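Structure assessment
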Amino acid sequence: MSDELKNHVDAETDSEEAAGRTHFIQDIIDEDNRTGRFDGRVHTRFPPEPNGYLHIGHAKSIWLNFGLAQSYGGKYNLRFDDTNPTKEEQEYIDSIQKDVRWLGFDWEDRLFFASDYFDQLYEWAIQLIKKGKAYVDSLSADEIREYRGTLTEPGKESPYRDRSVEENLDLFERMRNGEFAEGEHVLRAKVDMTSGNINMRDPVMYRILNAPHPRTGDKWHIYPMYDWAHGQSDSIEGITHSICTLEFEDHRPLYDWFLDELGIYHPQQIEFARLNLSHTVLSKRKLIKLVKENYVRGWDDPRMPTLSGLRRRGYSPASIRNFCELLGVAKSNSTAEIGMLEYCVRQDLNATAPRVMSVLNPLKVVITNYPEGLVEQMEAVNNPEDPDAGTRTVPFSGELYIEQDDFMEDPPKKFYRLAPGREVRLRYGYFITCNEVIKDADGNVVELRCTYDPETRSGNAPDGRKVKATLHWVSAGQALDAEVRLYEQLFTVANPNDVEEGKDFTDYINPDSLQVLQGCKVEPSLNDAEPGTRYQFERLGYFCVDPDTKGDKLVFNRAVTLRDEWAKLQKAQNR
């Protein structure tokens, strides 16, 4: 972890401890409970639109909404805002449920859809029409936009604003029955066209969509806008605290206006800062472009910030929850360094991931004085951070593979790994010394001839001599072949949303974001590794078994690297 990141983490931790690990939303809930505003209840919800996959930004909202309810012994709902049938798919509904459960939250029997309330919303719309608080407008979409005004100029009233209640009721019913084309009419709330808040300038409540709905079929030809469905759905479900991101702060007066005009149960909307992450994009439109135009291999591509992508890459639910907790809950937007997320992944996987030995770029080692045909079973620790994880055995023989980077024929200063005439320790094995270097016709090193000291199996020499490096390895005869996919950040710049004139955010895609290695060697204990299982490849990083693993084809994704002191030294020398 960089010093800058460490300082950030320490500051976040100190501020949380100083505040007793509370934030402003907890303060609001505590005050509501003290005054009995909601009879001591805490009931939250997560209301995604089923028109895409959830991403890391949604994770914070899920963590906050569900986590708050859990901490107060309350309830939380999962509600799909399925108000636009032209963009919604069952694939997205299924993936969202899977992602929420994967994060560790269960809505029990409280799975709802906004479409469950279409009849009630329609009746309430009629109620507003009868009160003179809603009207059918026949302006075009462009005209509505023009009449709305600007941030500095008030809007002007539609010529259809003063239609009679009877005409509005008739038109609205005919809209529902499918008698009009899309765009011909909308239902608008009659609020205040001179309001300084543009959201209050007679917002659209219903638009015509002559499209069947996956849940309601052909019953409806009008569908509610989010601002109309949102607060009323909260009210129907008995939500106490409707927690939204900051972009909905200007929508809160409208949320309150609808509830007050209807005279129904009134939840409290509270806004918090959304999660923004460096070196990625979270815009649904941009994520769809990455998928549709094949910049990535799908919504679950491990380079994507989607929860399905992070899961496939090897990130754990706990690491994402810890990341959200580390960020805290704020009232102003900011961007988190992606290194902070990677730090949380390392912290969690260091404690939970079993250790195995794998060689990504194999270099053959022949131990010339090792008994021919002998295969020993070496005891290896599964996780030094978890004594209960136990041990396993790994085979050791006279022919091994080590990493190509662990050998240099003419090593520079401070390179302590294997070199001609040098002795190193093999993890859980013996001391070996390199005696001979075999090269191919092009001068590439293809094999090392070494000798071992049979007295050093314990990892120490009886005469007390020391070595400066310990290498990982796999036995050549028992090693399994594997494909390993090395992932880096998808974008080369910290903020790919900030594009130069004439460029697109896709111009900043990292051409080296994926490197596929074939012919890697892994220890035989991984023969039955299940997709989704996470491991630490010793000295290399944390890896996850990819779903492409089938039969005797093993595929691993690198979730995150380990810190590499030698790489740091090389980088410092090249400055």
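Residues numbered from 1 in each chain as written. Predicted model: local features only at pLDDT ≥ 70, side-chain atom pairs only at ≥ 80, totals over all residues. Heavy atoms only, no water.

Let us look at the nonpolar core. Burial of nonpolar side chains together is a common tendency in soluble globular proteins. Grouped together as the largest cluster of nonpolar side chains are 40 residues, with contacts concentrated most on Ile56, Ile62, Val100, Leu103, Leu277, Ile320 and Phe323. Those elements giving two or more residues to this core turn out to be helix H3 (56–71), strand S2 (75–80), helix H4 (90–102), strand S10 (275–277), helix H11 (307–313), helix H12 (317–327), helix H13 (338–352) and strand S27 (554–561). Per-element tally for this core: the top contributor is H13, with seven residues. Not counting residues up to four positions away in its chain, the partners in contact with isoleucine 62 are Phe46, Leu54, Gly67, Val100, Leu103 and Phe105. One finds Tyr122, Phe172, Met205 and Trp220 within the second-largest nonpolar core, a separate group that totals 34 residues. (Core = buried A, V, L, I, M, F, W, Y, C linked by side-chain atoms within 4.5 Å. Buried < 20%, exposed > 50% of the residue type's maximum accessible area, 1.4 Å probe, protein only. Helix = DSSP H or I, 4+ residues; strand = E, 2+ residues; numbered from the N terminus. Contact = heavy atoms within 4.5 Å.)

So, on to the packing of aromatic side chains. Taken as a whole and assessed by the stated rule, the structure comprises 23 aromatic pairs. Where phenylalanine 172 meets tyrosine 206, the ring centres are 5.3 Å apart and the plane angle is 65°; that geometry is what we call edge-to-face. With phenylalanine 172 in helix H7 (residues 165–176) and tyrosine 206 in strand S6 (residues 204–208), this pair connects stretches of sequence that are 34 residues apart. Of the two residues, phenylalanine 172 and tyrosine 206, neither departs from the other in class, the shared state being buried. Of note, arginine 110 hangs over the ring of tyrosine 76, and the distance from its end group to the ring centre comes to 6.0 Å. Between arginine 176 and the ring centre of tryptophan 220, over which it is positioned, the NZ or CZ distance is 4.1 Å. (Phe/Tyr/Trp six-rings, centres within 6.5 Å; stacked < 30°, edge-to-face > 60°. Lys NZ or Arg CZ within 6 Å of the ring centre and 35° of its normal.)

Another aspect to go through is helix H10 (residues 284–292). Taken as a whole, H10 has its buried residues at Lys286, Leu287, Leu290 and Val291. Buried residues of H10, seen end-on, are gathered within an arc of 140° and therefore sit on one face of the element. In this structure, H10 carries Arg285 and Lys292 as exposed residues pointing more than 90 degrees from its buried face. With its phi angle positive at about 65°, asparagine 294 sits one or two positions after the end of H10. (Arc of directions from axis to C-beta.)

On to helix H8 (residues 226–237), then. When the terminal C-alpha atoms of H8 are compared, their 16 Å separation across 12 residues agrees well with the 16 Å that a helix rising 1.5 Å per residue should span. With 10 of 12 residues buried, H8 lies mostly within the body of the structure. Every buried residue of H8 is accounted for by Asp227, Trp228, Ala229, His230, Gly231, Gln232, Ser233, Asp234, Ser235 and Glu237. Looking one or two places after H8, you find glycine 238, whose phi comes out positive at around 75°. (Expected span 1.5 Å × (residues − 1).)

All right, on to the pattern of salt bridges then. Where charged atoms from two side chains of opposite charge approach closely, those side chains can pair. Applying the stated criterion across every chain yields a total of 41 salt bridges. A salt bridge links arginine 161 to aspartate 202, with the nearest nitrogen and oxygen atoms 2.6 Å apart. Of this pair, arginine 161 sits in the loop between helix H6 (141–148) and H7 while aspartate 202 sits in the loop between strand S5 (186–189) and S6, and the two are 41 residues apart along the sequence. By relative accessible area, which is 8% here, arginine 161 ends up buried. Judged by its relative accessible area of 0%, aspartate 202 falls in the buried class. Measuring nitrogen to oxygen at the nearest pair gives 3.3 Å for the salt bridge that ties glutamate 167 to arginine 163. By relative accessible area, which is 36% here, glutamate 167 ends up partly exposed. Accessibility expressed as a relative area gives 17% for arginine 163, which makes it buried. (Salt bridge = Lys/Arg side-chain N within 4 Å of Asp/Glu carboxyl O.)

Turning next to unusual backbone geometry. Of all residues except glycine, most have a negative phi; of all peptide bonds, most are trans. For histidine 279, which is not glycine, the phi dihedral falls at a positive 60°. Its place among the elements puts histidine 279 in the loop between S10 and H10. Assessed through its relative accessible area of 19%, histidine 279 is described here as buried. For asparagine 294, which is not glycine, the phi dihedral falls at a positive 65°. Note on placement: asparagine 294 falls in the loop between H10 and H11. Since its relative accessible area comes to 64%, asparagine 294 is described here as exposed.

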